[in-house]
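Listed below, chain by chain, are the residues.
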Amino acid sequence: FASTDDGREGVRATGVMSAAREIARAALRASAVSAKPYGLRVHFSNKFIYAQVVRREDGHVVASASSSERGFVDDARAAAVVAAAERGRALAGVESTAKRVSVSDKRAAALVGARLAERVKAIDLDTVTWNRPYGVRYHGKHAALMEALKANGVGLG
């Protein structure tokens with residue numbers, strides 16, 4: 001309750017305050033969008049990994065990559081063979097590693113990040129913004145994807 005001009009107790013005029021608050025929020029949102037116009041959205045399902053770069057002004061997806069794309073399994077398999085060969089496994093071990101490649105682990109997240117970085121660089125973007133959701137640690141798949149973006153020349157602002 002708030003007192004009115006004539007001293008009576010009354011109900012607060014919420015309509016005026018909420019309109020002013022709404023205008024202030026819109027101005028804050030507009031300044032944030034102009035400062036960091038492109039955002040990164042990442043989703044991990046039980047099977048696949050998805051990443052998108054979105055223009056924050058209108059929600060338009062300007063670049064995307066996922067582990068469900070055609071040809072991703074072949075690239076992941078080739079990366080697994082190279083990684084196994086670098087670790088010095090025998091040829092039989094390399095072949096068995098290549099057969100059971102995952103499209104939702106840390107190695108796949110790094111590959112999705114590298115693919116997304118190529119596509120982001122192709123449209124002449126230098127930085128994207130990733131707002132870490134509450135409760136999500138910079139660890140594991142998230143860290144692998146972000147580090148692959150950084151390693152391939154896309155800054156996280």
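Everything here concerns the structure above.
Conventions and cut-offs
- Residues numbered from 1 in each chain as written.
- Predicted model: local features only at pLDDT ≥ 70, side-chain atom pairs only at ≥ 80, totals over all residues.
- Heavy atoms only, no water.
- Salt bridge = Lys/Arg side-chain N within 4 Å of Asp/Glu carboxyl O.
- Helix = DSSP H or I, 4+ residues; strand = E, 2+ residues; numbered from the N terminus.
- Buried < 20%, exposed > 50% of the residue type's maximum accessible area, 1.4 Å probe, protein only.
- Contact = heavy atoms within 4.5 Å.
- Core = buried A, V, L, I, M, F, W, Y, C linked by side-chain atoms within 4.5 Å.
- Phe/Tyr/Trp six-rings, centres within 6.5 Å; stacked < 30°, edge-to-face > 60°.
- Axes fitted to C-alpha atoms, helices over the stretch in contact; angles between N-to-C directions.
- Parallel < 35°, antiparallel > 145°, perpendicular 65-115°, else oblique.
- Left-handed = near helix turned anticlockwise from the far one by under 90°.
- Nonpolar A, V, L, I, M, F, W, Y, C, P; charged D, E, K, R; others polar.

**Let's talk about the pattern of salt bridges**
Next up, step 1: This structure, assessed with the given rule, holds six salt bridges.
Next up, step 2: Residues Arg 77 and Asp 74 are paired through a salt bridge, measuring 3.8 Å at the closest nitrogen-oxygen approach. One end of the pair is Arg 77 and the other is Asp 74, both in helix α2 (residues 72-86) and three residues apart, which spans about a single turn.
Next up, step 3: The class for Arg 77 is partly exposed, based on a relative accessible area of 31%.

**Some words on helix α5 (residues 141-151)**
Next up, step 1: Looking at α5, one finds that the buried residues are His 142, Ala 143, Ala 144, Leu 145, Met 146, Ala 148 and Leu 149.
Next up, step 2: In this fold, the buried residues of α5 make contact with β3 (38-44), β4 (49-55), α4 (106-122) and β7 (155-156).
Next up, step 3: One or two residues past the end of α5 sits Gly 153, with phi positive at roughly 95°.

**Describing the nonpolar core**
Next up, step 1: Residues Leu 40, Val 53, Leu 116, Leu 145 and Leu 149 are the most contacted members of the largest nonpolar core, which totals 24 residues.
Next up, step 2: Within the residue set of this core, elements represented by two or more residues are β4, β5 (60-66), α2, α4 and α5.
Next up, step 3: With seven residues, the single largest contributor to this core is α4.
Next up, step 4: Beyond its immediate sequence surroundings of up to four residues, Val 53 is in contact with Tyr 38, Gly 39, Leu 40, His 60, Val 61, Val 62, Ala 63, Leu 116, Val 120, Leu 125 and Val 128.

**Digging into the packing of aromatic side chains**
Next up, step 1: Enumeration according to the criterion identifies two aromatic pairs in this entry.
Next up, step 2: Seen from their ring centres, Phe 48 and Tyr 50 are 6.4 Å apart, and the 65° between their planes marks the pair as edge-to-face.
Next up, step 3: Ring geometry for Trp 130 against Tyr 138: centres 6.5 Å apart, planes inclined by 50°, an arrangement best described as tilted.

**Quick word on the packing of α4 against α5**
If you want to describe how two helices pack, look at the angle between their axes and the distance between the axes.
Next up, step 1: At a closest axis distance of 7 Å, the pairing of α4 and α5 adopts a crossing angle of 30°. In this view, α4 runs roughly parallel relative to α5, as classed from their interaxial angle. Of the two possible hands of crossing, α4 and α5 adopt the one that is right-handed. Within the contact between the two elements, α4 uses Lys 106, Ala 109, Ala 110, Val 112, Gly 113, Ala 114, Leu 116 and Ala 117 and α5 uses Lys 141, Ala 144, Leu 145, Ala 148 and Leu 149.
Next up, step 2: Counted by class, the contact of α4 with α5 contains 10 nonpolar, one polar and two charged residues.

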